[in-house]
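Coordinate analysis (summary)
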Amino acid sequence: MKEPSFEVKMNEYLPLRDVVFHTLRQAILKGELKPGERLMEIQLAKKLGVSRTPIREAIRKLELEGLVLMVPRKGAEVAEITEKNLRDVLEVREALEKLAVQLACEQITKAQIRELKEAADNFRDILISGNITEIAAVDEHFHDLINLATGNQKLIQILNNLREQMYRYRVEYLKNDAVFPQLLEEHESLIRAIEKRQKDRAAEILCRHIGNQAEAISGIIRTKNGVRE
């Protein structure tokens, strides 16, 4: 196995296991650790200058995100990006976020609407940076605010877990800057519908938003796999 090229960047404010987790996560998302590549605890520990314990803990968290698979008799490996996994995640996301946006229409406060508008403005501003990690984080924050406005802690908890599994696909989607104008329009339309308490309209916009994402990422996956339309 070729030695990985990434390095761990220590952070005095984070536990070592979190530093290792973020290092491996970024390596996977940037393609430094490629789909199908085995994650050898001993080699990674030596490379990053840590013990095997934080490596093992990081791998478990990456598995929860869908970035790593545990393969019988082989161990951990970087998960492939497949249409099946994408569809599975987005089907659940659409059902839960549709419920969330409808609840948000009922529960959201004026202060939360202002915060949502600020998040949309921040998203618009961050697009020019070209930093996909930052763009993805601001996009996540926008949707998190809608989920938080539901006031339903169980739903928020489930969506937080799903968000982690969505991250890889979100990054793939945002690598194509041609989708940015559409994303901005969808965010603005969502805000208007939520502010007017239009539950059905908000749900419709959200489903279209997720559907557009599914179609775009499916196209990316097919292209990478050499599948013609």
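Up top is the structure.
Residues numbered from 1 in each chain as written. Predicted model: local features only at pLDDT ≥ 70, side-chain atom pairs only at ≥ 80, totals over all residues. Heavy atoms only, no water.

Along its length, the chain carries 9 helices and 2 strands. Counting from the amino terminus, the chain carries its helices and strands in the arrangement α-α-α-β-β-α-α-α-α-α-α. Against the 2.2 N^0.38 benchmark of 17 Å for 229 residues, the chain shows a C-alpha radius of gyration of 19 Å, consistent with a compact globule. Expressed as lengths along the three principal axes of its C-alpha atoms, the size of the chain is roughly 55 × 45 × 35 Å. By residue count, 44% of the 229 residues in the chain fall in the buried class. Taking all contacts inside the chain whose residues are at least 6 apart in sequence as the whole, residues at least 24 apart take part in 72%. (Helix = DSSP H or I, 4+ residues; strand = E, 2+ residues; numbered from the N terminus. Rg over C-alpha atoms; globule rule 2.2 N^0.38 Å. Buried < 20%, exposed > 50% of the residue type's maximum accessible area, 1.4 Å probe, protein only. Contact = heavy atoms within 4.5 Å.)

Before going further, it helps to spend a moment on the environment of V179. Residue position: V179 is located in the loop between helix 7 (153–174) and helix 8 (180–195). Residue V179 is classed as buried on the basis of its relative accessible area, which comes to 10%.

The next thing to look at is unusual backbone geometry. Of note in this structure, R73 is not a glycine but carries a positive phi near 65°. Counting through the fold element by element, R73 comes out in the loop between strand 1 (68–71) and strand 2 (75–78). On the basis of relative accessible area, R73 is assigned to the exposed category, the value being 85%. A positive phi angle, near 60°, is found at R197, a position not held by glycine. In this structure, R197 sits in the loop between helix 8 and helix 9 (199–224).

Within the secondary structure layout, S189 lies in helix 8. The class of S189 is buried, set by a relative accessible area of 4%. Polar contacts involving the side chain of S189 include one to the side chain of R192, which spans 3.2 Å. (Polar contact = N/O pair within 3.5 Å; in protein donor to acceptor, adjacent residues only side chain to side chain.)

Counted by the stated rule, this structure contains 0 aromatic pairs. In this arrangement the basic side chain of K61 is found over the ring face of F21, its NZ or CZ atom lying 4.2 Å from the centre. (Phe/Tyr/Trp six-rings, centres within 6.5 Å; stacked < 30°, edge-to-face > 60°. Lys NZ or Arg CZ within 6 Å of the ring centre and 35° of its normal.)

Turning next to a negative patch on the surface. The grouping of E115, E118, D121 and D125 at the surface amounts to a negative patch. Within the secondary structure, D121 sits in helix 5 (residues 110–126). (Patch = residues over 30% accessible without salt bridge, like charges linked within 9 Å, V, L, I, M, F, W, Y side chains within 5 Å. Areas by Shrake-Rupley, 256 points an atom, 1.4 Å probe, with all protein chains shown as cover. Salt bridge = Lys/Arg side-chain N within 4 Å of Asp/Glu carboxyl O. Lys, Arg positive; Asp, Glu negative; His and termini not counted. Charge placed at Lys NZ, Arg CZ, Asp CG, Glu CD.)

A separate point is the pairing of strand 2. Within a regular strand, the side chains alternate between the two sheet faces. Strand direction decides the pairing type here: strand 1 and strand 2, joined by 4 bridges, are antiparallel. Residue pairing across strands places M70 opposite A76, the latter belonging to strand 2. Between strand 1 and strand 2, which follow one another and run antiparallel, lie 3 residues, and R73 among them has a positive phi close to 65°. (Pairing = 2+ DSSP bridges.)

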